[in-house]
Amino acid sequence: MATGTRPGPRAPGRPGMLPPFPEKLPPKAEPGKPLYTRKPPQRQRPVLDKREQEGERKLHPTRQRPGAGRSAVAVIAPPEPRPPREVTITEGITIRELAEKLDVRAKELLKNLLDRGVFASINQALDVPTATTLAESFSGVVSVVSLEEEMVLEVAKEETKESLKPRPPVVTVMGHVDHGKTSLLDAIREADVAAGEAGGITQHIGAYKVMVNDRAVVFVDTPGHEAFTRMRARGAKVTDIVVLVVAADDGVMPQTKEAIDHARAAKVPIIVAINKIDKPEAQLERVKRQLTENSLMPAEWGGDTEFVEVSAKKKIGIEKLLETILLVADLRELKANPDAPATGTVLESRVDKGRGPVATILIQNGTLNSGDFFICGSVFGKVRAMFDDRGRVVKDAPPSTPVEVLGLQGVPDAGDLFQVTDEAKARHVVEYRQGKQRDAAMARISGSRITLDQLHEQLKAGDVKELGIVIKADVQGSVEVLSEMLPKLSTDQVKLKIIGSGVGAVTENDVLLASASSAIVIAFGVRPDRKALDLAQQEHVDIRTHTIIYEVSDELKKAMEGLLEPVVTETYLGRAEVRNTFRVKGAGTIAGCYVVDGILKRDAQVRVLREGAVIYTSKLNSLKRFKDDASEVRTGFECGAGVANFNDIKVGDVLECFSVSKMSAAEAAGQGGGSAGKK
């Protein structure tokens with residue numbers, strides 16, 4: 001081949017040759033149309049909302065297809081309704097715990113709350129109304145109980161007849177004040193408690209264990225004074241038998257009737273101990289008749305109430321009373337489970353210097369051991385030490401045992417339920433309860449703020465003064481009683497308001513609170529510490545110390561009378577006519593007067609009358625007869641008189657002399673309004 005010439009196509013089959021051209025080329029794409037046809041789109045799964053509308057299950061959709069190869073509409077089974085389920089809800093229950101009780105997934109509860117606009121986490125505590133509504137939406141039959149009641153129910157389910165063992169009876173001694181309740185206990189315990197009580201009356205609850213013929217009996221002493229109604233009611237709640245003490249020389253009194261009502265409300269048997277039978281003025285038959293009128297018929301008269309005649313001072317009838325108590329206890333067949341977690345009631349609580357919060361607890365079921373975690377009310381604690389009624393250290397407390405417990409993080413309220421539980425549960429419930437208490441306190445504070453409408457109503461009703469009170473006492477029961485009793489002393493003019501209360505000595509914080517609120521401090525059975533006393537003197541805060549309950553009310557009544565606006569009474573003394581005036585250097589204008597009625601007294605109040613109108617009111621700063629000073633000038637005599645800070649006296653003016661005295665509203669009411677005197 002000549003050089004520079006282009007070679008032609010090579011023969012097929014030879015190496016290095018191009019492939020042959022196709023006979024028919026593919027058609028070109030028309031303008032505006034795709035070159036290749038697109039595949040039909042796959043059928044999309046319905047979205048979640050559409051699947052729910054179709055009735056499909058949320059998590060695992062099931063479709064029933066009639067056959068392969070044929071397209072058919074899916075048949076979806078309707079959801080089965082949930083059967084009703086009984087659920088017990090406690091305060092502060094979490095979403096996780098509620099889901100376990102309802103046997104549903106926690107995220108379903110969370111979604112239900114989210115649909116209502118409530119954002120919550122799985123460990124968030126719910127209040128009782130929210131938890132109830134949430135449980136009912138999942139077919140729950142709700143019953144609301146406290147944590148302590150739930151624990152008692154759980155223990156009751158596991159109890160058997162073999163686990164229940166006999167326990168000592170709890171006996172409450174009740175009756176009117178000064179009828180000899182504590183003295184009767186002294187005779188039983190062979191101790192002297194009454195001598196240590198302020199004023200000879202019991203103001204706290206004492207619980208004591210006494211051995212009678214190798215059998216234990218627990219006695220609870222309750223105060224008899226009228227102010228201790230709630231404490232007596234609390235004593236009746238924890239008792240098995242009530243011993244009603246009635247003085248043979250005094251008979252049935254108001255607190256005696258009240259004690260009978262408390263015992264009947266608690267549905268416990270009553271044993272009547274007629275005390276002071278050794279007194280010559282004792283009238284046993286009269287006392288029995290009075291008790292019969294109150295539906296307590298003696299057994300010897302055909303009734304069902306045991307009557308025992310005793311004398312605490314001479315120790316007469318004590319053995320018979322104890323035998324009667326044991327007999328009634330045997331009839332009741334009192335039993336408890338000593339192996340269960342301990343439950344009980346807080347009888348009393350206080351702050352002990354050096355030991356911190358101390359609670360007197362009566363164990364009612366189970367056994368309390370050192371190191372147990374417990375909850376009572378809104379207070380969490382761990383048993384650090386326990387002491388019996390004689391002050392001895394004990395390691396465990398079986399049922400029907402009163403003990404003093406150390407290791408509380410705060411002071412519980414008297415009457416709170418005591419429950420041993422695990423630490424995490426106790427801390428969670430206590431935190432929830434304390435939060436609720438804070439919210440309630442804040443609501444009370446914000447609720448006390450006054451609006452313009454309320455202010456207008458108060459102005460129309462008249463001004464009402466308030467006396468703020470800060471209460472500090474040695475035990476919680478006294479705080480409770482004073483907080484209930486003192487506001488009842490309020491009158492139409494003075495309103496008593498408790499602005500703070502607590503257990504323990506008066507501290508600087510209490511004084512500062514009283515100072516900021518213009519309040520007084522009532523220290524019942526406690527004393528202010530040194531710093532608080534110095535601060536009270538500096539801030540002019542009144543601290544009143546008391547040891548007897550009725551002295552507090554008496555003193556407060558007097559203080560309230562002093563708060564009322566004093567009644568000003570005016571007494572007319574006399575009048576004199578101005579017949580001449582003199583200018584005296586250094587003394588101003590002196591009026592030469594003639595006393596026409598009564599007397600003129602130096603330093604008395606005086607009005608200057610001109611043509612019957614009062615033009616000035618002041619006092620007589622000088623009074624002379626001739627050149628001698630006089631203390632008073634009587635009718636028919638002439639004198640020279642000077643009116644303090646007033647020199648515009650003219651001839652013809654009249655000086656009217658009067659005196660002003662102030663008395664409390666109560667004294668004025670006692671005098672029938674008094675006489676305002678002549679004018």
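Calculation notes
- Residues numbered from 1 in each chain as written.
- Predicted model: local features only at pLDDT ≥ 70, side-chain atom pairs only at ≥ 80, totals over all residues.
- Heavy atoms only, no water.
- Helix = DSSP H or I, 4+ residues; strand = E, 2+ residues; numbered from the N terminus.
- Buried < 20%, exposed > 50% of the residue type's maximum accessible area, 1.4 Å probe, protein only.
- Contact = heavy atoms within 4.5 Å.
- Salt bridge = Lys/Arg side-chain N within 4 Å of Asp/Glu carboxyl O.
- Polar contact = N/O pair within 3.5 Å; in protein donor to acceptor, adjacent residues only side chain to side chain.
- Core = buried A, V, L, I, M, F, W, Y, C linked by side-chain atoms within 4.5 Å.
- Arc of directions from axis to C-beta.
- Axes fitted to C-alpha atoms, helices over the stretch in contact; angles between N-to-C directions.
- Parallel < 35°, antiparallel > 145°, perpendicular 65-115°, else oblique.
- Left-handed = near helix turned anticlockwise from the far one by under 90°.
- Pairing = 2+ DSSP bridges.
- pLDDT = per-residue confidence, 0-100.

Novice: An account of the overall build of the protein chain is needed here, citing residue identities and associated values.
Specialist: Each helix and strand counted, the protein chain has 17 helices and 31 strands in total. By the burial criterion, 42% of the 679 residues in the protein chain qualify as buried. Long-range pairs, those at least 24 residues apart, make up 69% of the contacts in the protein chain between residues at least 6 apart in sequence.

Novice: Go over the pattern of salt bridges, please, and point to the residues and values.
Specialist: Enumeration over the complete set of coordinates arrives at 19 salt bridges. Asp 330 is paired through a salt bridge with Arg 215; the nearest N and O atoms lie 2.7 Å apart. Of this pair, Asp 330 sits in helix 10 (residues 318-332) while Arg 215 sits in strand 6 (residues 215-221), and the two are 115 residues apart along the sequence. Given a relative accessible area of 41%, Asp 330 falls into the partly exposed group. Note that Glu 404 is salt-bridged to Arg 350, the shortest N-O span being 3.1 Å.

Novice: Which residues make up the environment of Lys 472, and what are the values?
Specialist: Along the chain, Lys 472 turns up in strand 20 (residues 465-473). In this structure the C-alpha to C-alpha distance between Lys 472 and Thr 507, which are 35 residues apart in sequence, comes to 9.3 Å. In contact with Lys 472, not counting residues within four places along its chain, are Gly 502, Val 503, Gly 504, Ala 505, Val 506, Thr 507, Asp 510, Ile 522, Ala 523, Phe 524 and Val 526. At 2.7 Å, the side chain of Lys 472 forms a polar contact with the side chain of Asp 510.

Novice: Summarise the nonpolar core; cite the residues concerned and give the values.
Specialist: Leu 184, Ile 188, Phe 219, Leu 321 and Ile 325 are the most contacted members of the largest nonpolar core, which totals 27 residues. Counting residues per element, the ones that place at least two in this core are strand 4 (170-175), helix 6 (181-189), strand 5 (206-212), strand 6, strand 7 (241-247), strand 8 (270-275) and helix 10. Counting residues per element, this core draws most heavily on helix 10, at 7 residues. Contacts of Ile 188, omitting those with residues within four sequence positions, involve Val 210, Phe 219, Ile 318, Leu 321 and Leu 322. Counting 21 residues, the second-largest nonpolar core is a separate cluster that includes Val 578, Val 595, Phe 646 and Leu 655.

Novice: Provide a residue-level description of helix 4 (residues 128-136), including the pertinent values.
Specialist: All buried positions along helix 4 are accounted for by Ala 131, Thr 132, Leu 134 and Ala 135. Buried residues of helix 4, viewed axially, fall in a sector of 165°; they line one side. The secondary structure elements touched by the buried residues of helix 4 are strand 1 (85-89), helix 2 (95-102), helix 3 (106-115) and strand 2 (140-144).

Novice: Break down helix 13 (residues 476-485) for me, with residues and values.
Specialist: Of all 10 residues that make up helix 13, 8 are buried, and the element is covered over most of its length. For helix 13, the complete set of buried residues consists of Gln 476, Gly 477, Ser 478, Val 479, Glu 480, Val 481, Leu 482 and Met 485.

Novice: Break down unusual backbone geometry for me, citing the residues and quoting the values.
Specialist: A positive phi angle, close to 70°, is found at Asp 603, a residue other than glycine. Tracing the backbone through its elements, the reader meets Asp 603 in the loop between strand 25 (588-601) and strand 26 (605-610). A positive phi angle, near 60°, is found at Asn 645, a position not held by glycine. Note that Asn 645 resides in the loop between strand 30 (638-643) and strand 31 (654-663). Overall, Asn 645 belongs to the exposed group, its relative accessible area being 71%.

Novice: Go over the packing of helix 14 (residues 508-517) against helix 15 (residues 530-539), please, and point to the residues and values.
Specialist: Running from amino to carboxyl end, helix 14 crosses helix 15 at an angle of 20°, the nearest separation of the two axes being 8 Å. By the angle between their directions, the pair helix 14 and helix 15 is classed as roughly parallel. Helix-helix and strand crossings are classified by hand; for helix 14 and helix 15 the assignment is right-handed. When helix 14 is examined against helix 15, the residues Glu 508, Val 511, Leu 512 and Ser 515 are found in contact with a partner set consisting of Lys 531, Ala 532, Leu 535, Ala 536 and Glu 539.

Novice: Help me get a handle on the pairing of strand 6, residues and values and all.
Specialist: When you tally the buried positions in strand 6, you get 6 out of 7 residues, the bulk of the element. When strand 4 meets strand 6, the two strands line up parallel, connected through 4 bridges. Counted as the bridge partner of Thr 172 is Val 220 from strand 6.

Novice: Give me the lowdown on the confidence of the model for the protein chain, citing residues and values where you can.
Specialist: Of all residues in the protein chain, 75% have pLDDT values of 70 or greater, and the mean over the chain is 76. In the model, residues 447-452 has pLDDT below 50 throughout and makes 4 contacts with residues more than four positions away in sequence or in other chains.

Novice: Can you explain the side chain of Glu 570? Please cite residues and give values.
Specialist: Locating Glu 570 in the fold gives a position in strand 24 (residues 567-584). At 2.9 Å, the side chain of Glu 570 and the side chain of Arg 607 are in polar contact.

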